[in-house]
Amino acid sequence: MGIKIRILIQVAKGSADVIIVDDNFTTIINVAKWGRVVDINIQKFVQFQLTVNVVALMVNFVSTCITGSDPLTAVQLLWVNKIMDMFGALALTSEPPSDELTERPPDGRGENFITRVMWSNIIGQSIYKLAVLGLLMFDGKQLLKIRGPGGDSVFNNFIFNTFVFCQVSIVTVCFK
């Protein structure tokens, strides 16, 4: 009988995601807190990344369809990806576990990972950024009075920098 139990224990350990090696109830509570805070932080990261990607895609698509040129080059998009991954790493470590997490009910199996609040944040932030960048793309040269032989290069760099700074604004929404 003892050998069968040991084999069952080994099988259970092999298929488990988390193994708690002591029988202290405080450890179980800490595991639950950390699991929930990791879930929340991953949701923040996904919300942030979706917003950045939606805006980048829409800016380049709309601008290419209307003007025939894309304001964000491939190299600039790679830089944006690196910068936003840095903010994403911050998202995964932004919130330590707290005692309030134990009072939160667990998420059900059928619940969506991206909540309605997240969708409203993604859509709202995207509309805001698209409005700012659209205004700059189509009336920016006149508003900023950019002229001269190097005007196009300066203007495209200004749009890129505005795009990056707009992404920083979502950090306050996602990571609060």
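As the structure is a prediction and not an experimental result, all values here were calculated from the model.

Parameters at a glance
- Residues numbered from 1 in each chain as written.
- Predicted model: local features only at pLDDT ≥ 70, side-chain atom pairs only at ≥ 80, totals over all residues.
- Heavy atoms only, no water.
- Helix = DSSP H or I, 4+ residues; strand = E, 2+ residues; numbered from the N terminus.
- Buried < 20%, exposed > 50% of the residue type's maximum accessible area, 1.4 Å probe, protein only.
- Contact = heavy atoms within 4.5 Å.
- Areas by Shrake-Rupley, 256 points an atom, 1.4 Å probe, with all protein chains shown as cover.
- Patch = residues over 30% accessible without salt bridge, like charges linked within 9 Å, V, L, I, M, F, W, Y side chains within 5 Å.
- Salt bridge = Lys/Arg side-chain N within 4 Å of Asp/Glu carboxyl O.
- UniProt positions renumbered as here; feature names shortened; annotations may be inferred.
- Core = buried A, V, L, I, M, F, W, Y, C linked by side-chain atoms within 4.5 Å.
- pLDDT = per-residue confidence, 0-100.
- Axes fitted to C-alpha atoms, helices over the stretch in contact; angles between N-to-C directions.
- Left-handed = near helix turned anticlockwise from the far one by under 90°.
- Nonpolar A, V, L, I, M, F, W, Y, C, P; charged D, E, K, R; others polar.
- Expected span 1.5 Å × (residues − 1).
- Bend = angle between axes of the 7 residues up to and from the residue.

## Things to note about the overall build of the protein chain
Moving on, step 1. When you go through the protein chain residue by residue, the secondary structure sums to five helices and zero strands.
Moving on, step 2. Each helix and strand of the protein chain, ordered N terminal to C terminal, gives the series α-α-α-α-α.
Moving on, step 3. Buried residues in the protein chain amount to 28% of all 176 residues.
Moving on, step 4. The contacts of the protein chain with a sequence gap of at least 6 include a subset with a gap of at least 24, amounting to 82%.
Moving on, step 5. For the protein chain, the accessible area works out to roughly 11800 Å², and carbon and sulfur atoms hold 65% of it.

## What to know about a nonpolar patch on the surface
Moving on, step 1. Taken together, the side chains of Trp34, Val38, Ile42, Leu92 and Phe113 present a nonpolar region at the surface, about 460 Å² in accessible area.
Moving on, step 2. With three residues, helix H2 (residues 25-67) is the largest single contributor of residues to the nonpolar patch.
Moving on, step 3. By the element assignment, Trp34 lies in helix H2.

## Quick look at the UniProt feature "transmembrane region" (unreviewed entry) in the protein chain
Moving on, step 1. What UniProt calls "transmembrane region" (unreviewed entry) maps, in this numbering, to residues 118-138 and 158-175.
Moving on, step 2. The span residues 118-138 shows a helical share of 100% and a strand share of 0%, and its end C-alpha atoms are spaced 30 Å apart.

## A look at the nonpolar core
Moving on, step 1. Judged by nonpolar contacts, the single largest core of 17 residues is most densely connected at Val59, Val80, Met84, Leu133 and Phe163.
Moving on, step 2. Only H2, helix H3 (74-92), helix H4 (116-144) and helix H5 (151-174) provide two or more residues apiece to this core.
Moving on, step 3. Once residues lying within four places of it in the same chain are set aside, the contact partners of Val80 are Val52, Phe160, Phe163 and Val164.

## Section: the environment of Asn121
Moving on, step 1. Tracing the chain through its elements places Asn121 in helix H4.
Moving on, step 2. According to the relative accessible area criterion, Asn121 is partly exposed, its value standing at 23%.
Moving on, step 3. As for Asn121 and Phe48, which are separated by 73 residues in sequence, their C-alpha atoms are 9.3 Å apart.

## Examining the side chain of Gln43
Moving on, step 1. By secondary structure assignment, the location of Gln43 is in helix H2.
Moving on, step 2. Under the relative-accessibility criterion, Gln43 is labelled buried at 13%.
Moving on, step 3. In contact with Gln43, not counting residues within four places along its chain, are Phe113, Thr115 and Met118.

## Notes on the confidence of the model for the protein chain
Moving on, step 1. When pLDDT is averaged along the protein chain, the result is 80, and 84% of the positions lie at 70 or above.
Moving on, step 2. Mean pLDDT values over the elements of the protein chain span from 67, in helix H1 (residues 2-15), up to 88, in H4.

## Here's the deal with the packing of H2 against H4
Moving on, step 1. Remark: H2 packs on H4, axes separated minimally by 9 Å, with the N-to-C direction vectors making an angle of 35°. At the point where H2 passes H4, the crossing takes the right-handed sense. Between H2, through Gln43, Gln47, Leu50, Thr51, Val54, Val55, Met58, Val59, Val62, Ser63, Ile66 and Thr67, and H4, the contact on the second element is made entirely by Met118, Asn121, Ile122, Gln125, Ser126, Lys129, Leu130, Leu133, Met137 and Phe138.
Moving on, step 2. Here the contact of H2 with H4 is composed, by residue class, of 13 nonpolar, eight polar and one charged.

## A few points about H2
It helps to recall that an α-helix has 3.6 residues per turn; residues three or four apart then point in one direction.
Moving on, step 1. The end-to-end C-alpha separation of H2 is 63 Å, in line with the 63 Å expected for 43 residues at 1.5 Å each.
Moving on, step 2. Note on H2: the residue one or two positions beyond its end, Gly68, has a positive phi of about 90°.

## Observations regarding H4
Moving on, step 1. At Phe138, H4 is bent by approximately 65°, the largest bend along its length.
Moving on, step 2. The set of residues buried in H4 consists of Met118, Ile122, Gln125, Ser126, Lys129, Leu133, Gly134, Leu136, Met137 and Gly140.
Moving on, step 3. Positive backbone phi, approximately 55°, marks Lys145, located one or two places after H4.

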